[in-house]
Amino acid sequence: MGKRSVFEANPKAAHTGHHAKRQRTDGSHDREFEAEGTIAEVTSAQQLQRTLVFDQGNVASLRQALQSFKKFLDSILYSTDQDDVPRKRAILREFLETQKAQGKDAKDTIILPQLMQAWDYAAETNFDMLLAQVTAQLALLFKVLSTHADFEQYGALLCKTLLQPSVARRFVRNVSAPISKENVILPAVRLLIEMTKFNEGAFARTVYARKDFTFDPKILTRNIGAWKSVEGKTAEEIQRKPSVRTVSVRYLLAHLRYQDERTKVEILGNKDIIRAVLDHVTVDPPHLISEILDTFQNHVFLDKAIPRAVKSRILNGRALTHIAGLYRYEPPEGSIEEGQKAPDVLAHQFLRLVCTSPAYGVMLPTQGYYSQAGDDDDGDVQIDDLLDDDGAFSLDPSFGSHAPVRNIILSEFLQSLRPYAHTLHQQLVVGIFNACPELIGDYFYKKKDFNYEPKLTATWIGFSAFLYQTIEMPVPLYFGAWQGYRESPPPVSTLLQSVLPQPVTQQVLVKCLNSNSDLIQLFAVRVLIVAFQKLRRVTKELDNARVSRPSKSWSNTSARIVSEFGQRCPPMKAIVTAFRQPAFQKGLKREAITRLLRLYYEVMPQIALEEKFDVSVPLCNALIQAEKRQESTEEQAFCVMELEHWIQMARHSPAMRWWQKNKTLSQSPFVTLVKLIASSPESELYAGIKTLLVDIVRDQEMFQIQTVPDALDALIASLSASCGQSAMILDFLDDCCARFSKGPIKYFDDLDTLRAKLPETDSDIGPFSPLVLTLVEQWPFKGGKSEKGNPAEPLAQWLSKLLYLLKLIGEDEHILGLVRDALVESADKAYTDVLQDSFLWKMGKEKAKEALKLATGADFSGSERSSTSPTPIERPVEKTLPAIDLELPPEEDEKHAGLNRWRKQELEESIEDGHVGELLLCLCSKHTEIRIQAVINIRQLVAMLDRDKSDQQQLYVMLNEILETVGTLPDSKPFPYIGGVFAAQCVKILADPIHFMYPKISKFLTNRPDWQVRNLPRRFSHLIITSEPDEDDGYHKEVGWFLDYLLDSLRTPEDMEIFRTNNVFERLLSFYASKSCAIVEKEKIVRVLQRAASVGGSTTLITRCGLVCWIRMMLDNNDHRHRELRHLASRVYELCDRDKVDGWSNGTIGGIVAGIVGV
């Protein structure tokens, strides 16, 4: 074998130019240069000029000079002697001036040519140590040049030099080195960062323009993806030795900070780079995480010049999940400086920003509870379809469909979060729900397998808190629609999920209430309370929408969601059972369970009243507790709150007897409440109870409430602790209230008798409380005879104070004078002086006046000695009352969706959702073709009914009778709404055999094979208003149903004519004036009259029914609906035929209306 050549023995020799066997020289790559302790200190520019010279044969000398240069630059950047820094800057400036030279083409000026040659040599010979050293010193030099404005020209010249193609290509050699050669990659990337940042990014665009050398996407992606775990490293090590990924990410962030929008869009369009940054963000050091999130937030997502489409491509579900992984990040000890936010907090703030606004690309524009966006017309059609599908939706696990969502990315991202285990997760999910309510139903539908069985674990408590916050969220305005209410409501499933999410079932809630854990019981009650409050807000919004957009779909949705909620919440029996448990008999829990019972009565009275629960017993117990002085103010406040709840429940209970004594109370509940308020020094504590008492007396018309303060305020002031209370006075008042409640008509007759005694000029009396006449009647039995010791003296004193206060608040002075005279006339001589001086100011009445002033804030200055009453103060509430509804008739649905909706569901569901009723209303359409289609569809529906089923027999009979009735009408004439609305109402009644109207409707259907539609109002007026109800407590229910039917059926002038021929309005006006007409029924009658005016019946109401004179008579009797009645008089006269009405009244009706409205 022959001897090998030099090149065969050492192939590298061909590249290095050195002989393999040659002795080591100063230029050897492995030669160690002098230790740092012997590095020469730079003292002049000439020294730098002499030493920083590249000599291929003496590389070690250059490296030694570079070390000296580094030490010199460090002394400028991190000097401990600031006085010496200007001198060193001058040396550097002088040196840089000497380093300028002409380029190869003699046109461009370059700087530091010696270092550029050394860099080229190191790159060509693979001299990594020299390569790293040169690039590191250039990067350090850029840092120094950035510290002072005098160096700006040298920094600019150095950038131009480095970005020349012949030099810039060396960057690729450095940054593309193997990942293991960090000493080569890191200095080059740092140099690129400094060049990009120099002079506020002045050369950033130029750096990116050489992207083939400086910003190769593949190389940058590789370097960014080269992550290293920071586990086991100290904060100092992480900061001192950054990884390739850390420096490469900072280079990318520098471009995002300093590039213009077009360049940033191009950079962000490279998904591989962005993905590499976000995929490994959970293993980055805290300071880098802060830089990443801050740059993306402030320079990408908050930059309005970057299109939303670009932002949406950055954060997909994968990226969001990686960022959310920072919630579990545990930073190394000491890595977070004081005042710096932790990575989990930064990630939370970033996600809250980008996930809760459509401007940042992640969330699509949302329309609240509607899952479809777009203009109103298209949106309405889509939502109608969703409602049809939703008819079969239930939160029962057997149902597998739910309303679709548009924000699919957020929907998937939410499933990866754990709001029940992490507080920040919980805040993020609730924030997304607030911004995009459509995701609430979707989230809980996909979480239906979550086990919410009551267990006192951290997970259960966290999930309960999350549910509470979710339910507590506000209802979006217009349910999220952009331009007012849509034609159709949102899906019932979405609404119900926001009110009572799917994991909260009736079975689970009952188990929670029966749990042995106080915390679980309290959580269950609180969740139910906030759910009831949310349901009330939703139904109120649905009612507002129904007024704005008259449509059956809105009212059907309201009824449907209440029905569904009633099936999901615990039955009333379970709440009552829980209330009686010893665990609920203390403090906060007792107040909470009482509040829940109150919400049952207020929001779902039909469910509350199904349970035979006597409210009077706990009310009396609450009164007894409230009368006792509690040990602390907090306990006293709880007692008052609980009492307020029981009063509200008692108002809804038909069995409550406010004026009847109980065995446990000295007086009736009403008088006990009055005594409690009067004797309490904390009047503000009882403000809510005072409001409820006003509602109670308004129903009885016992006290006038037109003045401010009202008669109830005067009564309370007369019984205040400062004025003194006695059992005689309270028993006397109690007896009088009970007598008045049993026979109020007698005392109204007594008032008419007193009024007859007045002169003609004073016949129009002012405000007056009829209960005073009961006091007059009963006074002779207490003070009408002479007795030893004058036992009725306190009672006489109280009556005198009461009359004084009633006059003071503005009650009619003339009537009160007659009352005083009657009391004096029937009194014994011992009491006549006291009663005679009732209206005179005396010192004994000063306390009563002060008590009234303190309780109400009214100012009676100058009126206490006056012989005339102060002018009644107008209630400021009148100025803030909502506008009166004009009761415009609902317009016909031009889509006529009722023709087909009934087919898309099971029959029972179509009936419950009102779709069969909508089909029947199509018979009333003004379009002949619609009526023909409706008849065909009804016949098809009849053919589908199973007559063998008892629940469908009645419906079969009714539909055939309707077809028979419609067949007798000419083709050009629609079915009157009087019949169509009645038929739609009957469908729901027949589907519910326990409905209070079921017996009457069933009997009506068996009378004859067709209907006399024009006689329906008169027939049912007789059956309901003037006849006994089928159930003992069903009279007002039936009357309420009948008035609702009249209001809904009065839609056209033809319907108005039927009302006229049936004398409907005369019957209603007569019923209104009777004592058997409840407050709610009176309000409904006024609404029917408003509707009659809206359909062209004003002239009929004035000329045939005498409506204007009737209104004046009601106002003279101090009717509490004076505002509505005056508006009705004005509107009726405005819409009537003036010529006909003026001729009928000889021109007097206009003056009467002006007098009514101007009163």
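Residues numbered from 1 in each chain as written. Predicted model: local features only at pLDDT ≥ 70, side-chain atom pairs only at ≥ 80, totals over all residues. Heavy atoms only, no water.

As annotated in an unreviewed UniProt entry, the chain is Ribosome biogenesis protein Urb1 from Karstenula rhodostoma CBS 690.94.

> Can you help me understand the overall build of the chain in this one?
Scanning the chain from terminus to terminus reveals 64 helices and two strands. Taking all 1159 residues of the chain together, the buried fraction comes to 52%. Just so you have it, the chain exposes about 52,600 Å², and 50% of that area is on carbon and sulfur atoms. (Helix = DSSP H or I, 4+ residues; strand = E, 2+ residues; numbered from the N terminus. Buried < 20%, exposed > 50% of the residue type's maximum accessible area, 1.4 Å probe, protein only. Areas by Shrake-Rupley, 256 points an atom, 1.4 Å probe, with all protein chains shown as cover.)

> What is the right way to read helix α30 (residues 552-568) from this model?
In an α-helix there are 3.6 residues to a turn, and that puts residues three or four apart on one side. Given a rise of 1.5 Å per residue, 17 residues ought to cover 24 Å, and the 24 Å separating the end C-alpha atoms of α30 matches this to within 8%. The buried fraction of α30 amounts to twelve of the 17 residues, a majority that puts the element mostly inside the structure. Taken together, the buried positions of α30 are occupied by Ser553, Trp554, Asn556, Thr557, Ser558, Arg560, Ile561, Val562, Glu564, Phe565, Gly566 and Arg568. (Expected span 1.5 Å × (residues − 1).)

> Looking at this model, I keep getting lost on the packing of aromatic side chains. Mind explaining?
Pairs of aromatic rings are described using the distance from one ring centre to the other and the angle between the two planes. This structure, assessed with the given rule, holds 42 aromatic pairs. For the pair Tyr485 and Trp554, a centre-to-centre distance of 6.0 Å together with 80° between the ring planes defines the contact as edge-to-face. Here Tyr485 is found in the loop between α26 (458-472) and α27 (492-499), whereas its partner Trp554 is found in helix α30, with 69 residues between them in sequence. On the basis of relative accessible area, Tyr485 is assigned to the buried category, the value being 9%. Assessed through its relative accessible area of 0%, Trp554 is described here as buried. A connected cluster of aromatic rings, assembled from ring pairs, spans Phe982, Phe1004, Trp1011, Phe1020, Trp1041, Phe1042 and Tyr1045. Here the guanidinium or amino end of Arg486 rests over the ring plane of Tyr370, the centre of that ring lying 4.3 Å away. Lying over the aromatic face of Phe584, Lys589 brings its terminal NZ or CZ to 4.5 Å of the ring centre. (Phe/Tyr/Trp six-rings, centres within 6.5 Å; stacked < 30°, edge-to-face > 60°. Lys NZ or Arg CZ within 6 Å of the ring centre and 35° of its normal.)

> So what exactly am I meant to see when it comes to helix α35 (residues 633-652) here?
Between its first and last C-alpha atoms α35 spans 29 Å; for 20 residues at 1.5 Å apiece the expected length is 28 Å, and the two agree. What α35 keeps buried is the set Gln636, Phe638, Cys639, Val640, Glu642, Leu643, His645, Trp646, Ile647, Gln648, Met649 and Ala650.

> Whenever I open this one, the pattern of salt bridges confuses me. Can you help?
Pairing is possible between side chains that carry opposite charge, provided their charged atoms lie close to one another. Under the definition given, this model contains 41 salt bridges. Here Arg87 makes a salt bridge to Asp84, at a shortest N to O gap of 2.8 Å. Assessed through its relative accessible area of 38%, Arg87 is described here as partly exposed. Note that Arg170 and Glu124 form a salt bridge whose closest N and O atoms lie 3.0 Å from each other. Of this pair, Arg170 sits in helix α9 (residues 165-175) while Glu124 sits in helix α6 (residues 113-124), and the two are 46 residues apart along the sequence. Linked through salt bridges whose partners overlap, the residues forming this network are Arg536, Arg598, Glu602 and Glu644. (Salt bridge = Lys/Arg side-chain N within 4 Å of Asp/Glu carboxyl O.)

> Hey, could you run me through the packing of helix α10 (residues 182-201) against helix α15 (residues 244-258) in this one?
A pair of packed helices can be characterised by two numbers: the angle between their axes and the separation between those axes. At a minimum axis distance of 9 Å, the contact between α10 and α15 shows a crossing angle of 20°. With respect to α15, the element α10 is oriented roughly parallel. For α10 against α15, the interelement crossing comes out left-handed. Taken together, the residues of α15 that come into contact with α10 (itself represented by Glu182, Ile185, Leu186, Val189, Arg190, Leu192, Ile193, Thr196, Lys197, Glu200 and Gly201) are Val244, Val247, Ser248, Arg250, Tyr251, Ala254, His255 and Tyr258. (Axes fitted to C-alpha atoms, helices over the stretch in contact; angles between N-to-C directions. Parallel < 35°, antiparallel > 145°, perpendicular 65-115°, else oblique. Left-handed = near helix turned anticlockwise from the far one by under 90°. Contact = heavy atoms within 4.5 Å.)

> Where do I start with the nonpolar core in this structure?
Nonpolar side chains tend to gather and get buried jointly when the protein is soluble and globular. Counting 274 residues, the largest nonpolar core has Leu92, Phe296, Leu315, Phe670 and Trp798 as its most contacted members. Top element by residues in this core is helix α29 (residues 518-548). It accounts for 15 residues. Look past the residues within four positions of Leu92 in its chain and what remains in contact with it is Phe69, Phe72, Leu73, Ile76, Leu141, Val144 and Phe151. Residues Ile930, Trp1011, Leu1043 and Cys1077 belong to the second largest nonpolar core, which totals 92 residues. (Core = buried A, V, L, I, M, F, W, Y, C linked by side-chain atoms within 4.5 Å.)

> When you look at the side chain of Ser769 in this model, what are you seeing that I'm missing?
In this fold, Ser769 is placed in the loop between α40 (744-756) and α41 (771-778). You can call Ser769 buried: its relative accessible area is 1%. Here the side chain of Ser769 touches Gln704 through a polar contact of 3.2 Å, landing on its backbone nitrogen. Those residues in contact with Ser769 that lie beyond four places of it in its chain are Met702, Phe703, Gln704, Ala711 and Glu811. (Polar contact = N/O pair within 3.5 Å; in protein donor to acceptor, adjacent residues only side chain to side chain.)

> It is not clear to me how unusual backbone geometry should be interpreted in this structure. Could you clarify?
Residue Pro709 is reached from Val708 by a cis peptide bond, and omega for that bond is 0°. Mapped onto the elements, Pro709 comes out in the loop between α37 (687-700) and α38 (711-718). Although it is not a glycine, Tyr478 sits at a positive phi angle of roughly 60°. Assignment of secondary structure puts Tyr478 in the loop between α26 and α27. The phi dihedral of Phe479 is positive, around 60°, even though this residue is not glycine. The topology assignment puts Phe479 in the loop between α26 and α27. By relative accessible area, which is 0% here, Phe479 ends up buried.

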